[in-house]
Amino acid sequence: MRAAEAVQAVEAFVDEAIVLGFPQVSILHGKGTGALKEEVRRYLRTVPLVLSATDEHEEFGGAGITVIRLDV
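First things first, this report covers the structure right here in the doc.

Thresholds, definitions, all that
Residues numbered from 1 in each chain as written. Predicted model: local features only at pLDDT ≥ 70, side-chain atom pairs only at ≥ 80, totals over all residues. Heavy atoms only, no water. Pairing = 2+ DSSP bridges. Helix = DSSP H or I, 4+ residues; strand = E, 2+ residues; numbered from the N terminus. Axes fitted to C-alpha atoms, helices over the stretch in contact; angles between N-to-C directions. Contact = heavy atoms within 4.5 Å. Core = buried A, V, L, I, M, F, W, Y, C linked by side-chain atoms within 4.5 Å. Buried < 20%, exposed > 50% of the residue type's maximum accessible area, 1.4 Å probe, protein only. Salt bridge = Lys/Arg side-chain N within 4 Å of Asp/Glu carboxyl O.

Right, let's talk about the sheet that holds strand E3 (residues 65-70) for a bit. The strand order across the open sheet built from three strands is E1-E3-E2, with neighbouring strands paired in antiparallel fashion. The outermost strands of the open sheet, each flanked by one partner alone, are strand E1 (24-28) and strand E2 (50-55). Geometrically, the sheet is characterised by an average inter-axis angle of 20° between neighbouring strands, direction not taken into account. Looking at chain direction, E1 and E3 are connected through five bridges and run antiparallel. Bridging from a neighbouring strand, Ser 26 pairs with Val 67 of E3. Together, E1, E2 and E3 form the strand contacts of helix H1 (residues 3-20), whose direction differs from that of E1 by roughly 165°. This element, helix H2 (residues 35-44), spans E1, E2 and E3 of the sheet and lies at about 165° to E2.

This paragraph deals with the nonpolar core. One recurring pattern in soluble globular proteins: nonpolar side chains tend to sit buried together. Counting residues in hydrophobic clusters, the biggest one holds 13 residues, and the most contacted among them are Val 10, Val 14, Tyr 43, Leu 44, Val 50, Ile 68 and Leu 70. Mapped by element, the contributors of at least two residues to this core are H1, E1, H2 and E3. Of the residues forming this core, the biggest block, four residues, is contributed by H1. Each residue touching Val 14, except ones within four places of it in the same chain, is listed here: Leu 44, Val 47, Val 50, Ile 68 and Leu 70.

Counted under the stated rule, the structure contains six salt bridges. With a closest N to O distance of 2.5 Å, Asp 55 and Arg 41 form a salt bridge. One end of the pair, Asp 55, is in strand E2; the other, Arg 41, is in helix H2, and 14 residues separate them in sequence. Here Asp 55 falls in the partly exposed class, since its relative accessible area comes to 37%. Put simply, Glu 38, Glu 39, Arg 42 and Arg 45 are held in one network by salt bridges that share partners.

In structure tokens:
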């Protein structure tokens, strides 16, 4: 996915997670150059109900997965 497409998908995913009351979700964006991860996290910083967006533990995917904690 291109960054703009990914951000749209993440926006819909996070909105749904908030509506459904999930306290935590994960996004698999891969490692690559890190550009996609950065765009996704830039968007997440604008969402008031996102408490944190961090890398998954290394044994579960590390920098290729962002774990999002939500204030729901």
